[in-house]
Amino acid sequence: MSLSTASRGRWRAERSYFQCVRHVTIALHGRLRGGKSQVLPEGVKVRAPNGNHRYLDVLGECGAPRPGDLVADKPTVLFEVLSPSTE
(Lines give C-alpha, C1' and ligand atoms only; values in the text may rest on other atoms or scores of the structure.)
Protein backbone atom coordinates (compact mmCIF):
# COMPACT_ATOMS: atom_id res chain seq x y z
CA MET A 1 0.00 0.00 0.00
CA SER A 2 1.43 3.35 -0.94
CA LEU A 3 0.64 6.71 0.56
CA SER A 4 -0.69 9.53 -1.57
CA THR A 5 1.38 12.69 -1.77
CA ALA A 6 -1.08 14.47 0.56
CA SER A 7 -0.97 11.61 3.07
CA ARG A 8 2.83 11.56 3.04
CA GLY A 9 2.94 15.31 3.63
CA ARG A 10 0.48 15.07 6.52
CA TRP A 11 2.41 12.14 8.04
CA ARG A 12 5.66 14.13 7.86
CA ALA A 13 3.99 17.16 9.46
CA GLU A 14 2.48 15.07 12.27
CA ARG A 15 5.76 13.25 12.87
CA SER A 16 7.61 16.56 12.94
CA TYR A 17 5.08 17.94 15.43
CA PHE A 18 5.49 14.99 17.81
CA GLN A 19 9.28 15.13 17.53
CA CYS A 20 9.20 18.82 18.44
CA VAL A 21 6.95 18.16 21.45
CA ARG A 22 9.29 15.37 22.56
CA HIS A 23 12.36 17.63 22.28
CA VAL A 24 10.71 20.43 24.27
CA THR A 25 9.63 17.92 26.95
CA ILE A 26 13.14 16.45 27.25
CA ALA A 27 14.80 19.87 27.38
CA LEU A 28 12.37 21.18 30.00
CA HIS A 29 12.71 18.01 32.07
CA GLY A 30 16.50 18.48 32.08
CA ARG A 31 16.16 22.03 33.36
CA LEU A 32 13.61 21.20 36.07
CA ARG A 33 15.17 17.95 37.30
CA GLY A 34 16.07 17.90 40.98
CA GLY A 35 13.78 20.76 41.97
CA LYS A 36 10.18 21.07 43.06
CA SER A 37 8.94 21.62 39.51
CA GLN A 38 7.72 18.99 37.12
CA VAL A 39 7.00 18.62 33.41
CA LEU A 40 3.41 17.77 32.63
CA PRO A 41 2.61 16.09 29.30
CA GLU A 42 0.02 16.66 26.69
CA GLY A 43 -3.43 15.85 28.04
CA VAL A 44 -3.19 17.87 31.24
CA LYS A 45 -5.66 20.75 31.25
CA VAL A 46 -4.67 24.29 32.18
CA ARG A 47 -7.31 26.27 34.03
CA ALA A 48 -7.44 29.82 32.69
CA PRO A 49 -8.31 32.72 35.04
CA ASN A 50 -11.81 32.91 33.52
CA GLY A 51 -12.44 29.26 34.46
CA ASN A 52 -12.07 27.84 30.95
CA HIS A 53 -9.70 24.96 30.29
CA ARG A 54 -7.06 24.67 27.58
CA TYR A 55 -4.91 21.76 26.48
CA LEU A 56 -1.30 22.65 25.75
CA ASP A 57 1.50 20.52 24.39
CA VAL A 58 3.99 20.79 27.26
CA LEU A 59 3.91 22.67 30.53
CA GLY A 60 5.94 23.02 33.68
CA GLU A 61 4.40 23.44 37.10
CA CYS A 62 6.07 24.10 40.43
CA GLY A 63 4.91 22.75 43.74
CA ALA A 64 3.95 19.39 45.15
CA PRO A 65 2.65 16.91 42.57
CA ARG A 66 -1.00 16.01 42.91
CA PRO A 67 -1.35 12.38 41.81
CA GLY A 68 -4.35 11.78 39.62
CA ASP A 69 -5.04 15.50 39.08
CA LEU A 70 -5.22 16.34 35.38
CA VAL A 71 -5.69 20.10 35.84
CA ALA A 72 -2.81 22.54 36.24
CA ASP A 73 -4.01 25.63 38.13
CA LYS A 74 -0.74 27.56 38.25
CA PRO A 75 1.63 26.45 35.49
CA THR A 76 5.02 28.14 35.47
CA VAL A 77 5.80 27.76 31.77
CA LEU A 78 3.62 26.77 28.80
CA PHE A 79 4.56 25.49 25.35
CA GLU A 80 2.28 25.18 22.34
CA VAL A 81 3.88 23.69 19.24
CA LEU A 82 2.39 25.23 16.14
CA SER A 83 1.49 23.24 13.06
CA PRO A 84 -0.22 24.25 9.85
CA SER A 85 -3.59 23.36 11.40
CA THR A 86 -3.03 25.66 14.41
CA GLU A 87 -1.60 28.68 12.62
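Residues numbered from 1 in each chain as written. Predicted model: local features only at pLDDT ≥ 70, side-chain atom pairs only at ≥ 80, totals over all residues. Heavy atoms only, no water.

Student: I'd like to hear about the nonpolar core, residue by residue, with values.
Tutor: Counting seven residues, the largest nonpolar core is built from Y17, V21, V24, L28, V39, V58 and V81. If you tally residues by element for this core, the top one is helix α1 (residues 5–32), at four residues. In this structure, V44, V46, L56 and A72 belong to the second largest nonpolar core, which totals six residues. (Core = buried A, V, L, I, M, F, W, Y, C linked by side-chain atoms within 4.5 Å. Buried < 20%, exposed > 50% of the residue type's maximum accessible area, 1.4 Å probe, protein only. Helix = DSSP H or I, 4+ residues; strand = E, 2+ residues; numbered from the N terminus.)

Student: Go over the environment of G51 with me, naming the residues and quoting the values.
Tutor: Positionally, G51 belongs in the loop between β2 (45–47) and β3 (53–55). For G51 and D73, which are 22 residues apart along the polypeptide, the C-alpha to C-alpha distance reads 9.9 Å.

Student: Can you explain the pairing of strand β4 (residues 58–62)? Please cite residues and give values.
Tutor: Most of β4 sits inside the fold, with four of its five residues counted as buried. Strand direction decides the pairing type here: strand β1 (residues 37–40) and β4, joined by four bridges, are antiparallel. Within β4, the position partnered with Q38 by the bridge is E61. The pairing of β4 with strand β6 (residues 75–79) spans four bridges and is antiparallel. When the sheet's bridge partners are listed, V58 is paired in β6 with F79. (Pairing = 2+ DSSP bridges.)

As far as function goes, none of this settles anything; it's purely spatial.
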